[in-house]
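Breakdown of the fold
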Amino acid sequence: MKGKLLIESGGVLHKPALKESETKGKWTASIWKLDQKNLNGRIYSTELAKRICAENKVTVAYDGHEVNWATGEEYGISKAVCSNPRIEGEELRVDIKFVDKDYEALLTSLAEEGVAIGVSSVGYGETDDYGRIKEDTYELVRYLDFVTMPAGEVYAKMGEKAGERHPGQSEESMDESGADEALAERRFKVAQAFADLLIRR
């Protein structure tokens, strides 16, 4: 039996700088910060990430989480294919190959203008009392969808080096009260968006 649907906004999309001789670059994304509580109050463990790497699935990626509910499409709305999961530092990362070249060009243009691009994973699973995902319950649906409100509040411009901070971004971890406030705000926005969706439908 499937657990609760876990939609995780919390990742960064990267496009490495290209050499003059290269015409195509490999896109990657950080999808989980391992063993850290995100703004949805969930913790993805290194052990779970190791299992995901061993399964080595290939998934599609959508533009947002709700698009298939609205259109009823599955493959037709795919923007990219994600594969090659691996642990780098304290993050789970995947490679991205865009199948919708117009969408890739759109994201590139947005990023070049300074718009932050976020990603969010989707899977089924259960959490314990501390918010930790129970490894034996988790079932991956998609490594990521492209979103504007990642729960980890980690954004990057395409072409930006991994780990580089944005101006004004604090290096200090958010304290517990700040995390609680951010989590409450995130939950309110998600509930509001869901209510708006139900009204539209």
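Residues numbered from 1 in each chain as written. Predicted model: local features only at pLDDT ≥ 70, side-chain atom pairs only at ≥ 80, totals over all residues. Heavy atoms only, no water.

Observations concerning the overall build of the protein chain
Counting its regular elements, the protein chain contains four helices and seven strands. Its helices and strands taken in sequence order, the protein chain reads β-β-α-β-α-β-β-α-β-β-α from the N to the C terminus. Split into buried and exposed, the 201 residues of the protein chain put 40% on the buried side. Contacts in the protein chain between residues far apart in sequence, at least 24 positions, make up 66% of those at least 6 positions apart. Carbon and sulfur atoms make up 50% of the accessible area of the protein chain, which totals about 11900 Å². (Helix = DSSP H or I, 4+ residues; strand = E, 2+ residues; numbered from the N terminus. Buried < 20%, exposed > 50% of the residue type's maximum accessible area, 1.4 Å probe, protein only. Contact = heavy atoms within 4.5 Å. Areas by Shrake-Rupley, 256 points an atom, 1.4 Å probe, with all protein chains shown as cover.)

Quick notes on the side chain of Asp 95
Secondary-structure assignment places Asp 95 in strand β5 (residues 91-98). Judged by its relative accessible area of 11%, Asp 95 is buried. Reaching out from Asp 95, the side chain makes a polar contact with the side chain of Arg 86 at a distance of 2.7 Å. Setting aside its immediate chain neighbours within four residues, Asp 95 contacts Lys 26, Trp 27, Thr 28, Val 81, Cys 82, Ser 83, Asn 84 and Arg 86. (Polar contact = N/O pair within 3.5 Å; in protein donor to acceptor, adjacent residues only side chain to side chain.)

Quick look at unusual backbone geometry
Non-glycine residue Asn 56 carries a positive phi angle of around 55 degrees. Tracing the backbone through its elements, the reader meets Asn 56 in the loop between α1 (46-55) and β3 (59-61). Its relative accessible area of 45% is what places Asn 56 among the partly exposed residues. Not every positive phi belongs to a glycine, and Asn 84 is a case in point at roughly 55 degrees. With respect to the helices and strands, the residue Asn 84 is situated in strand β4 (residues 80-88). We classify Asn 84 as partly exposed; its relative accessible area is 37%.

Re the pairing of β4
Sheet topology places β3 next to β4; three bridges connect them, and they run antiparallel. When the sheet's bridge partners are listed, Thr 59 is paired in β4 with Cys 82. Strand direction decides the pairing type here: β4 and β5, joined by seven bridges, are antiparallel. When the sheet's bridge partners are listed, Val 81 is paired in β5 with Lys 97. The loop that links β4 with its antiparallel partner β5 comprises two residues; one of these, Gly 89, has a positive phi angle of about 60 degrees. (Pairing = 2+ DSSP bridges.)

Some remarks on the pattern of salt bridges
Where charged atoms from two side chains of opposite charge come close, those side chains can pair. Applying the stated rule across the entire model yields 10 salt bridges. With a closest N to O distance of 3.2 Å, Asp 100 and Lys 79 form a salt bridge. Placement of the pair is Asp 100 in the loop between β5 and α3 (101-112) and Lys 79 in the loop between α2 (67-71) and β4, with a sequence separation of 21 residues. The class of Asp 100 is partly exposed, set by a relative accessible area of 21%. (Salt bridge = Lys/Arg side-chain N within 4 Å of Asp/Glu carboxyl O.)

So, the nonpolar core
Membership of the largest hydrophobic core comes to 27 residues, with the highest contact counts inside it found for Ile 31, Trp 32, Ile 96, Tyr 138, Leu 144 and Phe 146. Put simply, the parts of the chain that give this core at least two residues each are β2 (27-33), α1, β4, β5, α3 and β7 (139-147). (Core = buried A, V, L, I, M, F, W, Y, C linked by side-chain atoms within 4.5 Å.)

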